[in-house]
Amino acid sequence: MAQTITTGGGIPAGQAGRDAAAPRRRGRRADAWFTAWMAGPALFVIALIVFVPLVYSVWLSFAEVDLLKRGGPAIEIFGMSLPLYRFTGLRNYLGTLSDPQYWQALARTVYFVALFVAEATLVGLAMALVLNARFRGRGLMRAMLLVPWSLSRIAVGILWLGMLDADFGAVNGVLYRLGLIDTYISFFSDGFTALNALIVVYVWNQAPFAAILFLAGLQSIPADLYAAAAVDGAGFWRKLWHITLPSLRPMMFLVLVLATVNGFLMLDLIYVMTSGGPGNDTTTVSWLGYRVAFNFFKFGPGTAILFTLTLICVVLTFVYHRLVLSRFQAE
């Protein structure tokens, strides 16, 4: 006959354990409900601001949305005709990929992003290495580092548009007084020069952010590693190659991803400084999508153009992860 183990009060041990666990389960359920009530409003706002527009924009990329087209189904409200969006499948994407202007803009975008990512990463790393050293006024220099990045890019564009002016720009004046040029340069009259000027201005604006991230990574590296390397006779470059760069892999991955996304989606500097000109020589994919959507009111093709950039950024993120973080192991 099976023997029932009882507690001192005559209650079976299993029943006593279940009775003791019941308050804990009720407490966990109460905590879960409290967390849901507290986080619910924030999650709702995030969904309303982020996910709803995202889903809507995906739908637009598969629909015909031409506000200048008078024909087709529409809804009459207060005397106004609101066109209905018609699902067209992959037509917007196929039209984008068959447009030579898109591929020309993509080539300029790849050139822009490649140079911007390389320069912003190298300049940011160099500034972080300098600001990580000990010297008088380091705190002030770190604070001043934030100034270019904290400025609005509209203000940055207006500032540099004046500095690069062909007649009265400060850059031309300095170069002329130093004897580096004989005549003032018109930076925005040639498409290739204008595109490179945009890269320089964007690096000036964004490199400080990369420097901040690298500086945070440098400060997390144990000083014992450098001390041990110094005992072994390692110099600056060997420490940089064997200690600093391997330890900065996670931060390098973050900087590369953010710089790539910012480079592909950069629009405001083009809007202020070149408007895609001269001609179409500084028209990137982001500017082409903006122009198609908001100048010609073709929101379907314009959204499809911009979503090709999203796909490229996702693919490059996986490539960066493979190249930078595949063999990284945190100590």
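Structure's up top.
Residues numbered from 1 in each chain as written. Predicted model: local features only at pLDDT ≥ 70, side-chain atom pairs only at ≥ 80, totals over all residues. Heavy atoms only, no water.

A. Expanded view of the pattern of salt bridges. In this structure the tally under the stated criterion is two salt bridges. As a salt-bridge pair, R91 and E64 come within 3.7 Å of each other at their nearest N and O atoms. Pair noted here: R91 is in helix α2 (residues 91–97) and E64 is in strand β1 (residues 63–64), with a separation of 27 residues, a long-range link. Exposure remark for R91: the relative accessible area of 44% places this residue in the partly exposed category. The shortest N-O distance in the salt bridge between D268 and R153 comes to 3.0 Å. Placement of the pair is D268 in helix α11 (residues 268–273) and R153 in helix α5 (residues 153–163), with a sequence separation of 115 residues. Given the relative accessible area of 21%, D268 is considered partly exposed. (Salt bridge = Lys/Arg side-chain N within 4 Å of Asp/Glu carboxyl O. Helix = DSSP H or I, 4+ residues; strand = E, 2+ residues; numbered from the N terminus. Buried < 20%, exposed > 50% of the residue type's maximum accessible area, 1.4 Å probe, protein only.)

B. Just a nonpolar patch on the surface, in detail. A surface patch of nonpolar side chains, amounting to about 1000 Å² of accessible area, comprises L43, F44, V45, I46, L48, I49, V50, F51, V52, L54 and V58. Tracing the backbone through its elements, the reader meets L54 in helix α1 (residues 13–61). (Patch = residues over 30% accessible without salt bridge, like charges linked within 9 Å, V, L, I, M, F, W, Y side chains within 5 Å. Areas by Shrake-Rupley, 256 points an atom, 1.4 Å probe, with all protein chains shown as cover.)

C. Layout of the nonpolar core. If you look at the biggest cluster of nonpolar residues, it comprises 57 residues, and the most contacted ones within it are F112, F116, F214, L269 and M273. The element best represented in this core is helix α7 (residues 191–219), accounting for 14 residues. Excluding residues that lie within four positions of it along the chain, F112 makes contacts with L195, L198, I199, Y202, G263 and M266. (Core = buried A, V, L, I, M, F, W, Y, C linked by side-chain atoms within 4.5 Å. Contact = heavy atoms within 4.5 Å.)

D. A look at a positive patch on the surface. On the surface, R25, R26, R28 and R29 cluster together into a positively charged patch. Note that R26 resides in helix α1. (Lys, Arg positive; Asp, Glu negative; His and termini not counted. Charge placed at Lys NZ, Arg CZ, Asp CG, Glu CD.)

E. Up close: the environment of T274. You can see T274 is positioned in the loop between α11 and α12 (285–294). Separated by 83 residues in sequence, T274 and G191 have C-alpha atoms that sit 9.5 Å apart. Once residues within four sequence positions are removed from consideration, T274 is found in contact with F188, A194, L198, L269 and T282. Of note is the side chain of T274, whose polar atom sits 3.0 Å from the side chain of T282. (Polar contact = N/O pair within 3.5 Å; in protein donor to acceptor, adjacent residues only side chain to side chain.)

F. Examining empty space enclosed by the protein more closely. Scanning the model with the defined rule gives one cavity of 30 Å³ or more in all. Taken as a whole, the largest cavity holds about 90 Å³ of empty space. Sorting the residues of the lining of the largest cavity by element identifies α3 (100–132), α7 and α10 (249–265) as the ones contributing at least two each. Among the residues forming the lining of the largest cavity, the class breakdown is eight nonpolar, two polar and no charged. (1 Å grid on protein atoms, 1.4 Å probe; cavity = no way out; pocket = protein on both sides within 12 Å on 5 of 7 lines; lining within 4 Å. Points joined across faces, edges and corners; volume = space filled by probe spheres on them. Nonpolar A, V, L, I, M, F, W, Y, C, P; charged D, E, K, R; others polar.)

G. Representation of α3 within the structure. Along its 33 residues, α3 runs 47 Å from first to last C-alpha, staying within 8% of the 48 Å computed at 1.5 Å per residue. Between the side-chain oxygen of the N-cap and the backbone nitrogen of Q101 there are 3.1 Å, and the N-cap of α3 in question is D99. (Expected span 1.5 Å × (residues − 1).)

H. View of the packing of aromatic side chains. Applying the stated criterion across every chain yields a total of 17 aromatic pairs. Look at Y271 and W287: their rings are 6.1 Å apart centre to centre, the planes differ by 55°, and that puts the pair in the tilted class. On the criterion of sequence distance, the pair formed by Y271 in helix α11 and W287 in helix α12 is long-range, its members being 16 residues apart. (Phe/Tyr/Trp six-rings, centres within 6.5 Å; stacked < 30°, edge-to-face > 60°.)

I. How the structure looks around the side chain of N205. Tracing the sequence through the fold places N205 in helix α7. Here N205 falls in the buried class, since its relative accessible area comes to 1%. Polar contacts involving the side chain of N205 include one to the main-chain carbonyl oxygen of P148, which spans 2.8 Å. The residues contacting N205, other than those within four sequence positions of it, are P148, W149, L151, R153 and V156.

J. Fine view of the packing of α10 against helix α13 (residues 299–324). Running from amino to carboxyl end, α10 crosses α13 at an angle of 160°, the nearest separation of the two axes being 10 Å. Comparing the axis directions of α10 and α13 gives the class roughly antiparallel. Where α10 crosses over α13, the two elements pack in a sense that is right-handed. Two secondary-structure elements touch here, α10 through R249, M252, F253, L256, V257, T260, V261, F264 and L265 and α13 through L309, I312, C313, L316, T317, Y320, H321 and V324. Residue composition of the contact of α10 with α13, by class: 13 nonpolar, three polar and one charged. (Axes fitted to C-alpha atoms, helices over the stretch in contact; angles between N-to-C directions. Parallel < 35°, antiparallel > 145°, perpendicular 65-115°, else oblique. Left-handed = near helix turned anticlockwise from the far one by under 90°.)

K. Focus on the environment of K298. Here K298 is to be found in the loop between α12 and α13. When the C-alpha positions of K298 and E64 are compared, they lie 7.9 Å apart, and in sequence the two are 234 residues distant.

L. Inspection of the packing of α5 against α7 at higher detail. It is at 11 Å that the axes of α5 and α7 come closest, and there the two elements cross at 135°. Here α5 lies oblique to α7, going by the angle between them. Crossing hand, α5 versus α7: right-handed. Facing R153, V156, L159 and W160 of α5, the residues of α7 in contact are V201, Y202, W204, N205 and Q206. When the residues that make up the contact of α5 with α7 are grouped by side-chain class, the tally is six nonpolar, two polar and one charged.

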